[in-house]
Amino acid sequence: MAGSVNDGALVEKGCDMGRTENPASQEFHNFANVTNAVIWQGVAAVTRLRISIAKGRRLCEQTRELTLQAQDARTHSHALAVRAAYSVERAHLAAEWVACVAARPRLRA
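Within each chain, residues carry numbers counting from 1 in the order of the written sequence. Residue-level local features of this predicted model are given only where pLDDT is at least 70; pairs of side-chain atoms are given and counted only at 80 or more, and the full residue set underlies all totals for whole chains, interfaces and linings. Computation of side-chain values covers all heavy atoms of the structure but excludes hydrogens and water.

### Some points on the overall build of the chain
Piece 1. Secondary structure assignment for the chain yields one helix and two strands.
Piece 2. Across the chain, helices and strands are ordered from the amino to the carboxyl terminus as β-β-α.
Piece 3. A burial count over the chain gives 3% of its 109 residues as buried.
Piece 4. Of the roughly 9900 Å² of accessible surface on the chain, 62% is carried by carbon and sulfur atoms. Numbering goes from the N terminus for both helices and strands, where a helix is a DSSP run of H or I of at least four residues and a strand is a run of E of at least two. The rule is simple: take the accessible area with a 1.4 Å probe, protein chains only, and divide by the maximum for that residue type; under 20% is buried, over 50% is exposed, in between is partly exposed. For the area figures, the Shrake-Rupley method with a 1.4 Å probe applies, and any residue is considered shielded solely by the protein chains shown.

### Topic: the confidence of the model for the chain
Piece 1. For the chain, per-residue confidence averages 81 on the pLDDT scale, and 78% of positions sit at 70 or higher.
Piece 2. What pLDDT reports is the predictor's confidence in each residue, on a scale of 0 through 100. We call two residues contacting when some pair of their heavy atoms lies within 4.5 Å. Taken as a whole, residues 1-14 scores under 50 in pLDDT and shows 16 contacts with residues more than four places along the chain or in a different chain.

### Quick word on the pattern of salt bridges
Piece 1. Salt bridges are identified by distance alone: a Lys or Arg side-chain nitrogen within 4 Å of an Asp or Glu carboxyl oxygen. One pass over the structure, following the stated rule, counts one salt bridge.
Piece 2. With a shortest N-O distance of 2.5 Å, Arg64 and Glu61 are connected by a salt bridge. Remark: Glu61 and Arg64 occur in helix H1 (residues 25-103); sequence separation between them is three residues, near one turn of the helix.
Piece 3. On the basis of relative accessible area, Arg64 is assigned to the partly exposed category, the value being 46%.

### Topic: a nonpolar patch on the surface
Piece 1. Where nonpolar side chains cluster on the molecular surface, the patch consists of Ile39, Trp40 and Val43 and spans about 310 Å² of accessible area.
Piece 2. Along the chain, Trp40 turns up in helix H1.
Piece 3. You can call Trp40 exposed: its relative accessible area is 54%. What makes a patch is a set of residues exposed beyond 30% relative accessible area and free of salt bridges, joined within 9 Å when like-charged and within 5 Å when nonpolar (Val, Leu, Ile, Met, Phe, Trp, Tyr).

Printed below as a string of structure tokens:
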């Protein structure tokens with residue numbers, strides 16, 4: 001049997017919360033108000049959580065973009081450093097070549 005008869009009213013088992021008779025109208029409305037307040041607190045908590053998750057995702061995306069920019073900057077600065085080192089090496093080689101040419105004995109014409 002799904003319920004029991006209590007003074008002519010059907011009271012569901014498990015739903016009467018330990019009451020032996022029908023709750024008074026004011027008690028029912030108080031319970032409904034508390035239940036409604038708890039539900040809306042849950043809705044507000046879920047909304048705050050969704051906003052927090054969205055902010056976290058946005059921060060992750062910004063961090064990813066900044067990381068890529070830093071990597072690009074390092075790659076670019078590394079390329080510039082290699083180019084500068086190559087230019088310095090070429091300058092040293094050119095200076096050595098000029099010194100070798102200057103040190104050669106000159107042929108008399």
